[in-house]
Amino acid sequence: MEAKHILIALVALAFIETVIKASVVKRETTLSHVEAIYSRFKNIMPGVDGTYNGEYHSGGYCTLDPLPPMAIHSKEWIRVAAGPETYQKSLGCGMCLEITAEGVGSGNDPIVGKIKAVIVDECAGGCGKNGLDFYLNGDGRWKISYVAIDCPTKPGSDGKVQLRFQGSNAWYIKLQARNTKVPTAGIEVKVKDKWHCLKRKPDNYFVGTGLGEFSTPLHVRLTAITGEQVETSIPEIKDNFSFPTSVQFKGINNGGSK
């Protein structure tokens, strides 16, 4: 059964690469980025560094402020900044993790046990390629392991994908998919009955320009890292508002039930 799921995922990833190459607007997201993030769900990342960065207030590179409902699970969940190979030019933003640590390392505040976390930022230095910077008060550098899991959903609209504009108008859009069970590999919008891929930016938004005038309702198609696609629409172009939708990715079913 596992082999079947991997085969389906590989076919889906190949589809994503084809769309990227064929698109009028080439995305920042490449097949290698998608494969790297997908592998986080299938393989434990062992023996990397876990460090502390103080309490999270705002300003993460993922531009998820205000944090969406599924990024605020409970007091047991924490927020982390990820090293560049897990951040993957923002593709890892919003991804949920299960972290395991045994207090191996140095400092005054050992990291121990199992911890659930969501990525809200990039750790550009000091974490290594795949380490994590914990948004907690503490001291030390500790060995941790982690695996990506489906983000647990919530009842009602809080458990559905949200779409958010920034600095957009009828001729230029900057759009983010947030509150997703697994990361979003690509966003397309329909202009004059034709789908166009938007270009991912390092701040976890997708940009569309030079495509003509955008009309509303704006039809949107989202592609998950699994290749799953869902379609929805946005009633108006309005900045800094999280538009609720009625769709959500199925996910990978990897630890996201709790």
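A quick note: this is a predicted structure, and the numbers were derived from the prediction, not measured.

Visitor: Can you walk me through the packing of aromatic side chains in this structure?
Guide: Describing an aromatic ring pair means giving the distance of the ring centres and the angle of the ring planes. Counted according to the given criterion, the structure contains 4 aromatic pairs. With a centroid separation of 6.2 Å and an interplanar angle of 80°, the aromatic rings of Phe-165 and Phe-243 are classed as edge-to-face. Of this pair, Phe-165 sits in strand E7 (residues 162–165) while Phe-243 sits in strand E15 (residues 242–244); the two residues are 78 residues apart in sequence, bridging distant segments of the chain. One exposure class covers both Phe-165 and Phe-243, and it is buried. These aromatic residues form a ring-pair network of at least three members: Phe-165, Phe-241 and Phe-243. For Lys-174, the ring lying beneath its charged end belongs to Tyr-205, and the centroid distance is 5.4 Å.

Visitor: Would you explain the sheet that holds strand E13 (residues 218–224) in this entry?
Guide: Through backbone hydrogen bonds, the strands of a sheet pair up, either in parallel or in antiparallel fashion. An order of E10-E9-E13-E14 is seen for the 4 strands of this open sheet, with the pairing classed as antiparallel. Looking along the sheet, the strands with just one partner apiece sit at the ends: strand E10 (194–197) and strand E14 (229–234). Each adjacent strand pair in this sheet contributes to an overall mean axis angle of 30°, direction not counted. Of the strand pairs in this sheet, strand E9 (residues 184–191) and E13 are connected by 5 bridges, and their pairing is antiparallel. Its bridge partner being in E13, Val-189 is matched across the sheet by Val-220.

Visitor: Explain the nonpolar core to me, please; I cannot follow it from the model alone.
Guide: If you look at soluble globular proteins, the nonpolar side chains tend to sit buried side by side. Of all hydrophobic cores here, the largest spans 70 residues; its most connected members are Phe-134 and Ile-225. No other element matches the 6 residues that strand E6 (residues 141–149) contributes to this core. The residues contacting Phe-134, other than those within four sequence positions of it, are Gly-50, Thr-51, Tyr-52, Asn-53, Gly-54, Ile-78, Arg-79, Val-80, Ile-99, Ile-111, Ile-115 and Ile-144.

Visitor: What exactly am I supposed to notice about the side chain of Asn-130 here?
Guide: Take Asn-130: it is sitting in the loop between strand E4 (112–122) and strand E5 (132–134). Asn-130 gets classed as buried once you look at its relative accessible area, which sits at 11%. One polar contact links Asn-130 to Arg-40, side chain to side chain, over a distance of 2.8 Å. If we ignore the near neighbours within four places in the chain, the residues touching Asn-130 are Arg-40, Met-45, Val-48, Gly-83, Glu-85, Thr-86 and Tyr-146.

Visitor: For this particular structure, what's the right way to read the sheet that holds E4?
Guide: Judged by pairing direction, the barrel is mixed, and its 6 strands sit side by side in the order E1-E5-E2-E4-E3-E6 before closing back on the first. Strand-to-strand twist in this sheet, taken as the mean axis angle between neighbours without regard to direction, amounts to 45°. Contacts from helix H2 (residues 31–42) reach strand E1 (45–52) and E6 within the one sheet, and its direction differs from that of E6 by about 100°.

Visitor: Quick question: what am I supposed to make of the state of the cysteines here?
Guide: Cysteine pairs can be linked by a disulfide, which is a covalent bond between their two sulfur atoms. Scanning the entire structure with this criterion turns up 3 disulfides. At a sulfur-sulfur separation of 2.1 Å, the disulfide partner of Cys-62 is Cys-93. A torsion of -85° about the S-S bond marks the disulfide between Cys-62 and Cys-93 as left-handed. Of this pair, Cys-62 sits in the loop between E1 and strand E2 (77–82) while Cys-93 sits in the loop between helix H3 (84–87) and strand E3 (96–106), placing them 31 residues apart in sequence. Cys-93 sits in the buried class, given a relative accessible area of 8%. Between the sulfur atoms of Cys-123 and its disulfide partner Cys-127 the distance amounts to 1.9 Å. Its torsion about the S-S bond being 90°, the disulfide of Cys-123 and Cys-127 is classed as right-handed. Take Cys-123 and Cys-127: they sit in the same class, and that class is buried.

Parameters at a glance
- Residues numbered from 1 in each chain as written.
- Predicted model: local features only at pLDDT ≥ 70, side-chain atom pairs only at ≥ 80, totals over all residues.
- Heavy atoms only, no water.
- Phe/Tyr/Trp six-rings, centres within 6.5 Å; stacked < 30°, edge-to-face > 60°.
- Helix = DSSP H or I, 4+ residues; strand = E, 2+ residues; numbered from the N terminus.
- Buried < 20%, exposed > 50% of the residue type's maximum accessible area, 1.4 Å probe, protein only.
- Lys NZ or Arg CZ within 6 Å of the ring centre and 35° of its normal.
- Pairing = 2+ DSSP bridges.
- Axes fitted to C-alpha atoms, helices over the stretch in contact; angles between N-to-C directions.
- Core = buried A, V, L, I, M, F, W, Y, C linked by side-chain atoms within 4.5 Å.
- Contact = heavy atoms within 4.5 Å.
- Polar contact = N/O pair within 3.5 Å; in protein donor to acceptor, adjacent residues only side chain to side chain.
- Disulfide = S-S within 2.5 Å.

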